[in-house]
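Structure at a glance
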2 protein chains.
Amino acid sequence: MVSSHRLPSRARRPPRRGDRGQVPETRRERLLAAAADEFAARGFDGAKVDRIAARARVNKALIYYYFRSKAALYREVLLDVFRTVAGAVAAVRDVGGPPDVQLGGFVQAVADHTVRQPRFPNIWLREMAEGGRHVDESILMELRKVLETLGAILQEGKRAGAFVDANPFVTQMAIVAPLLLFSATAPVRERFKKLAPAHFSAIPRSVVVDHVRTATLAALAVPSPSSTRRPASRSRGESQ
Amino acid sequence: MVSSHRLPSRARRPPRRGDRGQVPETRRERLLAAAADEFAARGFDGAKVDRIAARARVNKALIYYYFRSKAALYREVLLDVFRTVAGAVAAVRDVGGPPDVQLGGFVQAVADHTVRQPRFPNIWLREMAEGGRHVDESILMELRKVLETLGAILQEGKRAGAFVDANPFVTQMAIVAPLLLFSATAPVRERFKKLAPAHFSAIPRSVVVDHVRTATLAALAVPSPSSTRRPASRSRGESQ
DNA sequence: GTCTATATTTTGATAGAC
DNA sequence: GTCTATCAAAATATAGAC
């Protein structure tokens, strides 16, 4: 046994994708997934490079080889997350249908996505609380796509006389924010389920989705002229 | 001037509050305020003890004297923030009035509070994204008070036949989440105002408040029997 | 109560062998 | 491409003088 067992120069297969079995992720992919987990769970500052490497079962130095820094890795994760969301909601437009159904589909798409990509709510919430410190233009573009999808639905609804005029950004926030927070609060609700009445802890996601859809559609509904509803009493105390 | 200028044992006035001028905060108070700023801006892990001390213009060691650790200081801030919110919304109940006005008042109270205590949205969002890691029972109690205030309003409305049955937690999230996110996103919207259409960047807070109130009231409204509105078409794709 | 060191650990990052 | 070893800079926390 001389040096015959010494592998020529490298045993690892080069970028050869094709024999894609089950979990034959590249190390780069493993790192991205592990990073998404860490960043979602701990935030940018709370996330530790060592922990990401450990989770990915890869050496720390590889992070700096593939990505340039912790911050760059984070931006990659951010972009990936938002790209996926943008894609998910865009699909709703392709399905088509009447505006109110499309809007329901939009709500459902976001909600479904919080299940399919559980890191997404925390990462979005955190990045916003962070003031969007790490949001660069490429990431912003993806966020805009989400907004444009909703904007198109709203405009179609308005053209059809089904919706009143509404600000897309505001509408989007009223839809997305509760869904994000619902996912994010799952751990606390679980932790304190002993202390809280049953209907505070065991809430099916569908109840939230229903509420958000109903509320949004109702807010967009064109008031029927025969309506007896008073015009939303303005209260004192206007803010800035 | 021998040693006559040497103060007996301490010059700093003890807990003597009363000559409360303008900014005669104790060092402890300065620390709490500075900590709230830091934690809101950077999160628990991102916040640095040195920076908090610097902001408060006091020595770092004082933090460990007054509070026991960074975590304990953070919990103090959390408790303070939530206690203040709970108090603000509770006031709405005292004012009274018909249920829909009270609910409008609740929305307005939360919105007003995001202005009066600008750290509140970020701190809340972050702590939730954190999975409520630092939420202990005392803090939970304050959160419950907020929920109980809303719950009482909803129940009163239901009794009066003005509201349909609704889950208080879900309703609360649909109200609070958009308001929090609106405040939190201010920096990003400002930063990218050049790239985004006008109505995405310059949104008055009142528009958000109006949307949230309108949507919530509409979702709670008892459907008039003569209504032609179809029962919120259920879309496929139910989530877990 | 308040400050000056300073100990101790953790962490992001890199050099260089294989 | 991947790993070992290691540095240098933070960052939390404390001891102890005043």
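The structure reproduced in this document is the subject of the present report. All values reported here derive from a predicted model rather than from experimental measurement.

**Side note on the overall build of chain A**
Counting its secondary structure elements, chain A contains 11 helices and 0 strands. Listing every helix and strand of chain A by position from the N terminus yields α-α-α-α-α-α-α-α-α-α-α. Counting only residues that meet the buried cut, chain A has 48% of its 240 residues in that class. Excluding contacts between residues fewer than 6 apart, the proportion of contacts in chain A whose partners are at least 24 apart in sequence is 67%. Here chain A displays about 12200 Å² of accessible surface, and carbon together with sulfur accounts for 54% of that area.

**Thoughts on the packing of aromatic side chains**
A full pass over the atoms with the stated rule returns 14 aromatic pairs over all chains. Between the aromatic rings of A:Phe39 and A:Tyr74, the centroid separation amounts to 4.8 Å while the plane-to-plane angle is 70°, which identifies the pairing as edge-to-face. Pair noted here: A:Phe39 is in helix H1 (residues 27-46) and A:Tyr74 is in helix H4 (residues 70-95), with a separation of 35 residues, a long-range link. Comparing A:Phe39 with A:Tyr74, the two get one shared label, buried. Between A:Phe120 and A:Trp124, the aromatic rings sit 5.7 Å apart at their centres with planes inclined by 55°, giving tilted as the arrangement. Of the two residues, A:Phe120 and A:Trp124 both sit in helix H6 (residues 119-129), 4 residues apart, roughly one turn of that helix. Aromatic ring contacts, followed pair by pair, group A:Phe39, A:Phe44 and A:Tyr74 into a single cluster. The ring centre of B:Phe44 lies 4.7 Å from the NZ or CZ of B:Lys70, which sits over that ring.

**Thoughts on the packing of helix H8 (residues 168-184) of chain A against helix H11 (residues 205-220) of chain A**
Residues and elements named next belong to chain A. Two elements in contact, H8 and H11, have axes separated by 10 Å at closest approach and are oriented at 170°. Judged by the inter-axis angle, H8 sits roughly antiparallel to H11. Pair H8 / H11 crosses with right-handed handedness. Of the residues in H11, those in contact with Thr171, Ala174, Ile175, Pro178, Leu179, Phe182 and Ser183 of H8 are Arg205, Val208, Val209, Val212 and Thr216. For the contact of H8 with H11, the per-class residue count stands at 8 nonpolar, 3 polar and 1 charged.

**Details of the relation of the copies chain B and chain A**
Superposing chain B onto chain A requires a rotation of 180° together with a translation of 0.0 Å along the rotation axis, leaving an RMSD of 0.0 Å. Taken together, the rotation angle and the small translation identify this as a two-fold axis. Here 99% of the interface residues in chain B have copies in chain A that are interface residues too; the copies meet face to matching face.

**Some words on the protein's contact with DNA strand D**
Around DNA strand D there are 15 residues in total, and A:Arg27, A:Asn59, A:Tyr66, B:Lys60 and B:Tyr64 lie nearest to it. Each atom of DNA strand D within 4 Å of the protein belongs either to a base or to sugar and phosphate, the latter forming 63%. Between A:Arg27 and DNA strand D, the recorded distance is 3.2 Å, taken from a side-chain N or O atom to a phosphate oxygen. B:Lys70 has a polar side-chain atom sitting 3.0 Å from a phosphate oxygen of DNA strand D. Elements supplying a minimum of two residues to the surface near DNA strand D: helix H3 (60-66) of chain A together with helix H2 (49-56) and helix H3 (60-66) of chain B.

**A word on the environment of B:Ile52**
Residues and elements named next belong to chain B. The residue Ile52 is located in helix H2 in this model. For Ile52, a relative accessible area of 1% puts it in the buried group. Counting along the chain gives 78 residues from Ile52 to Glu130, while the straight-line C-alpha distance between them is 21 Å. Setting aside anything within four residues of it in sequence, one finds Ile52 in contact with Leu31, Ala34, Ala35, Glu38, Phe39, Ile63 and Leu73.

**Observations regarding helix H7 (residues 137-159) of chain B**
In an α-helix there are 3.6 residues to a turn, and that puts residues three or four apart on one side. If you check H7(B), its first and last C-alpha atoms are 31 Å apart, about what 23 residues at 1.5 Å a residue would give, namely 33 Å. Taken together, the buried positions of H7(B) are occupied by B:Ile139, B:Leu140, B:Glu142, B:Leu143, B:Val146, B:Leu147, B:Thr149, B:Leu150, B:Gly151, B:Ile153, B:Leu154 and B:Gly157. Check the buried side of H7(B) and you find it contacts helix H10 (198-201) of chain A together with helix H4 (70-95), helix H5 (99-116), helix H6 (119-129), helix H8 (168-184) and helix H11 (205-220) of chain B. Just downstream of H7(B) lies B:Gly161, where phi reads positive at about 75°.

**Topic: the interface of chain B and chain A**
Between chain B and chain A, the contact holds 72 residues from the first and 71 residues from the second. Carbon and sulfur atoms supply 63% of the area that chain B and chain A bury against each other, a total of about 6400 Å² over both sides. Among the residues of chain B in contact with chain A, B:Ala129, B:Leu181 and B:His211 are the three that bury the most area, contributing 9% of the side total. In this structure, the connection of chain B to chain A is made through 12 residue pairs in polar contact (both at pLDDT 80 or more). Taken together, the elements giving at least two residues each to the side of chain B that touches chain A come down to helix H1 (27-46), H5, H6, H7, H8, helix H9 (186-191), helix H10 (198-201) and H11 of chain B. For the side of chain B that touches chain A, the class distribution of residues is 33 nonpolar, 19 polar and 20 charged.

**Looking at the pattern of salt bridges**
Any two side chains of opposite charge can pair, on the condition that their charged atoms come close. Under the definition given, this model contains 30 salt bridges over all chains. Here A:Arg126 makes a salt bridge to B:Glu130, at a shortest N to O gap of 1.7 Å. Here A:Arg126, found in helix H6, pairs with B:Glu130, found in the loop between H6 and H7, and the two come from separate chains. Looking at A:Arg126, the relative accessible area reads 9%, which means it is buried. Looking at B:Glu130, the relative accessible area reads 11%, which means it is buried. In this structure, the salt-bridge partner of B:Arg133 is B:Asp45, at a minimum N-O distance of 3.4 Å. Of this pair, B:Arg133 sits in the loop between H6 and H7 while B:Asp45 sits in helix H1; the two residues are 88 residues apart in sequence, bridging distant segments of the chain. Because the salt bridges share partners, they merge into one network encompassing A:Glu38, A:Arg42, A:Arg51 and A:Arg55.

Analysis parameters
- Residues numbered from 1 in each chain as written.
- Chains lettered and ligands numbered in written order.
- Predicted model: local features only at pLDDT ≥ 70, side-chain atom pairs only at ≥ 80, totals over all residues.
- Heavy atoms only, no water.
- Helix = DSSP H or I, 4+ residues; strand = E, 2+ residues; numbered from the N terminus.
- Buried < 20%, exposed > 50% of the residue type's maximum accessible area, 1.4 Å probe, protein only.
- Contact = heavy atoms within 4.5 Å.
- Areas by Shrake-Rupley, 256 points an atom, 1.4 Å probe, with all protein chains shown as cover.
- Phe/Tyr/Trp six-rings, centres within 6.5 Å; stacked < 30°, edge-to-face > 60°.
- Lys NZ or Arg CZ within 6 Å of the ring centre and 35° of its normal.
- Axes fitted to C-alpha atoms, helices over the stretch in contact; angles between N-to-C directions.
- Parallel < 35°, antiparallel > 145°, perpendicular 65-115°, else oblique.
- Left-handed = near helix turned anticlockwise from the far one by under 90°.
- Nonpolar A, V, L, I, M, F, W, Y, C, P; charged D, E, K, R; others polar.
- Least-squares fit on C-alpha atoms with pLDDT ≥ 70 in both.
- Near = heavy atom within 4 Å.
- Polar contact = N/O pair within 3.5 Å; in protein donor to acceptor, adjacent residues only side chain to side chain.
- Expected span 1.5 Å × (residues − 1).
- Buried area = accessible area lost by both parts, 1.4 Å probe.
- Salt bridge = Lys/Arg side-chain N within 4 Å of Asp/Glu carboxyl O.

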